[in-house]
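Chain by chain, the residues run as shown.
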Amino acid sequence: MWSAALLAAQSALAASGASLTVTLPGALFLRDAPIPDGPTLVLDVTKSRDHWERVWGFAGDFHINSPHPGRVVAGQITDDQISLRLEMDIQSGSWARGGRAHYEMDLKRLPDGAYAGTYTGAFRGVPVSGQATAARKPQPSALPTGFVTPQPGEHPRLLFRKSELAALREKAKTPLGEAALARMGWSNQKESDVVGLGVKYQLTGDRTFAAEAIPGVEKLMAGWLHCDQYGNNVGDRAAKMALAFDLCYGAWPADFKRRVRRYLLFVADNVWHHHKKMHQGINWHFCSNWSAPIHSGIGIAGLALWGEPGAEPLQPPAPHCGADIPPATDYRPGNGVPVVRFQSDEMPNDWLCLSPLPWEETGDPLAALGGAAQARPELGTKVTFAGQTQAFRRLTRETNGGYWAHTNYTRGKDALDITVVSRPFRRAPRRRLRQQPRTPEDVPWNPRGPYHPLDQELQYTRTIVFVKHPRASAQAAGPLDYVVIRDQASGPMLNAAYCLHVESKECRQDGPRFTFGTMTLFCAAPREFKVERLDWSFRKKGRGGGGDSGYGERTVGVRLLTTGAKHEFVTVLYPAGDAPDMESIPGGVRAFHPSTRASPWTPHSNWSGDSRPQGASVFGFL
């Protein structure tokens, strides 16, 4: 009878499934090999009746708290034993390198109901092993009597349910309710109370309140992933947008709701998987008060988006058989389409391209042209995506002014550098200007002031270009990639300053060139400017404001000063003290380097007289 009862219990367990928390101490490591008391991997393993759910892993002391996805390759759970074989994809973080992992474990039940045993496996190809434990998750408590579960598409459902609106509207008629409603939706120059506007829409039924929330949500979305060292800004924006989305769902246009959904999914993906896109000072540990507002904001966004229908998945393409595919017999290149011969191990040297499109948006930018497989763009063909319209243009002639400069790409032809990134940053016109202290220790406690009023609008634009050197290498003796920056300002008569601080012990000036040991600054524009040194040092005090924490920094710096109603600084930051010769040209800068494959790159300090190399990199702004 006992055997029969045990078999019946095991059968019931297998039929109903189970949810486990599995702990593998030392299953991960930060460097190249396991260490004693290494990072612990905690796994969420669930079996629903006859199939295994996706496995999610967490490792707080691995310096990356993103969920690490995995799957159960084989497994068995009985009342007294657990056997699992798992495959995991450990995510990389700011200070930890992830990779593939697999684990096998056999656990037996202990008298207290927990499970214990051992595991073996490998992480990034390195064997790991150790003790393993598991515990059954408690069953969820029963729902209160009369509680109705929210349904997909039901809104509002976060702050209150639709069934509660009648009672809330009565409370809004009381003196306290009237006073609260009067304060909701209050706005200033920075942002509006989008949640309060959503509440007012629900309590009054007036759709204009929901419409007034849209500009405020637009400002929140414009924050992208920008945040301070705590990162709370990202979670705060996501929480406000999610609550407003839930409250205003019935009044917002469909296309705007789709944009909000995309933004919240974009932010959630980066919070879980791409920490490097945010401030590198954030403490991502789940127990940290820094990361709590970030994760809670993303959690509220998840509750708001629960049940939202997604796009129907596309039919996957047929597998590539690996055979050579001839050109389509009916294809004729359109107007302005470059025609190049494909060569083994060579990059085509001419392209049609679009400027960068909003990277938080999802979807196919070429859908209007038939999708990536059917699109046949020509020179000047326009594409509209996420509210922006861009035209296809010649990459080499309109971006660089010449062919790509790689000996394999151009068969040894002389060429110009590759511009990899060119993204302008524009500030909205301002009628006031915040007073900027000379050094960080002079910053007032209130960073928002004081402000100086202006008699006319001040406009500012910064464009940063990363220039890829055709023969750049990791060796300091060879050519390096560098950055060209263009700062423009126009408006009232102002004193403008370009400041650069470098962790170095020296700063030598040679006309428009400034050498900081391992960094060179070259000022191509303006031709005339005033210069003053601006060195700075800082030592952080210990706890309580006394002693020395051991942390500090010392920099040397320069300020380049001009006066006028229009300002333009075109500067080059070259990551070496022996940068090549550079000279100012109208609208840009020219850097000299050898043009032949056989000639080694020679730093400018070894050049003499007029023996400059014949090749040159030219970058100009239109």
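Residues numbered from 1 in each chain as written. Predicted model: local features only at pLDDT ≥ 70, side-chain atom pairs only at ≥ 80, totals over all residues. Heavy atoms only, no water.

Participant: Can you help me understand the overall build of the protein chain in this one?
Facilitator: From N to C terminus, the protein chain includes 10 helices and 25 strands. When burial is assessed residue by residue, the protein chain has 39% of its 622 residues classed as buried. Here the analysis covers contacts within the protein chain between residues at least 6 apart in sequence; of these, 59% occur between residues at least 24 apart. (Helix = DSSP H or I, 4+ residues; strand = E, 2+ residues; numbered from the N terminus. Buried < 20%, exposed > 50% of the residue type's maximum accessible area, 1.4 Å probe, protein only. Contact = heavy atoms within 4.5 Å.)

Participant: What am I meant to see in unusual backbone geometry here?
Facilitator: Negative phi values dominate among residues other than glycine, just as trans dominates among peptide bonds. Between His155 and Pro156 the backbone carries a cis peptide bond, its omega angle lying at -5 degrees. Note the cis peptide between Ala525 and Pro526, where omega equals 0 degrees. Position of Pro526 among the secondary structure elements: in the loop between strand 19 (520-525) and strand 20 (530-533). Positive phi is not limited to glycine here, since Asp37 has a value of about 55 degrees. On the secondary structure map, Asp37 appears in the loop between strand 1 (18-24) and strand 2 (41-48). With a phi close to 50 degrees, Trp224 is a non-glycine residue in the positive phi region. Of note, Trp224 is situated in the loop between helix 5 (207-221) and helix 6 (232-247). Among the residues examined, Trp224 registers a relative accessible area of 23% and is labelled partly exposed.

Participant: Before we go on, may I ask you to explain the packing of helix 5 against helix 6 in this structure?
Facilitator: For any two helices packed against each other, one specifies the inter-axial angle together with the distance between the axes. Two numbers describe how helix 5 lies on helix 6: the axes approach to 10 Å, and their chain directions differ by 150 degrees. On the basis of the axis angle, helix 5 is roughly antiparallel to helix 6. Relative to helix 6, helix 5 is oriented so that their crossing is left-handed. Residues Val217, Leu220 and Met221 of helix 5 form the contact with helix 6, whose own contacting residues are Arg237, Lys240, Met241 and Ala244. (Axes fitted to C-alpha atoms, helices over the stretch in contact; angles between N-to-C directions. Parallel < 35°, antiparallel > 145°, perpendicular 65-115°, else oblique. Left-handed = near helix turned anticlockwise from the far one by under 90°.)

Participant: How should the packing of aromatic side chains be read in this particular structure?
Facilitator: Aromatic rings in a pair are described by how distant their centres are and how their planes are angled relative to each other. Scanning the entire structure with this criterion turns up 8 aromatic pairs. An angle of 65 degrees between the planes, with centres 4.9 Å apart, marks the rings of Phe29 and Phe123 as edge-to-face. With Phe29 in the loop between strand 1 and strand 2 and Phe123 in strand 8 (residues 115-123), the pair connects residues that are 94 residues apart, well separated along the chain. On the basis of relative accessibility, which here comes to 0%, the residue Phe123 falls in the buried class. Ring-pair connections join several aromatic residues into one group, and the members of that group are Trp224, Tyr263 and Phe266. Sitting over the face of the ring of Tyr249, Lys257 holds its NZ or CZ atom 3.9 Å from the ring centroid. (Phe/Tyr/Trp six-rings, centres within 6.5 Å; stacked < 30°, edge-to-face > 60°. Lys NZ or Arg CZ within 6 Å of the ring centre and 35° of its normal.)

Participant: Is there a simple way to explain the environment of Leu366 in this structure?
Facilitator: In this fold, Leu366 is placed in the loop between strand 10 (352-353) and strand 11 (382-385). Along the backbone, Leu366 and Val383 are 17 residues apart, and their C-alpha atoms lie at a distance of 7.0 Å. Sequence-distant contacts of Leu366, defined by excluding residues within four places in its chain, comprise Gly371, Ala372, Ala375, Val383 and Phe392.

Participant: Would you mind showing me how to read the pattern of salt bridges here?
Facilitator: Oppositely charged side chains can pair when the atoms bearing their charge come close. Taken as a whole, this structure holds 15 salt bridges when the rule is applied. Asp236 is paired through a salt bridge with Lys240; the nearest N and O atoms lie 3.3 Å apart. Residue Asp236 and its partner Lys240 are both found in helix 6; the two are separated by 4 residues, about one turn of the helix. The shortest N-O distance in the salt bridge between Arg462 and Asp487 comes to 2.6 Å. Remark: Asp487 occurs in strand 16 (residues 482-502) and Arg462 occurs in strand 15 (residues 451-468); sequence separation between them is 25 residues. The class of Asp487 is buried, set by a relative accessible area of 7%. (Salt bridge = Lys/Arg side-chain N within 4 Å of Asp/Glu carboxyl O.)

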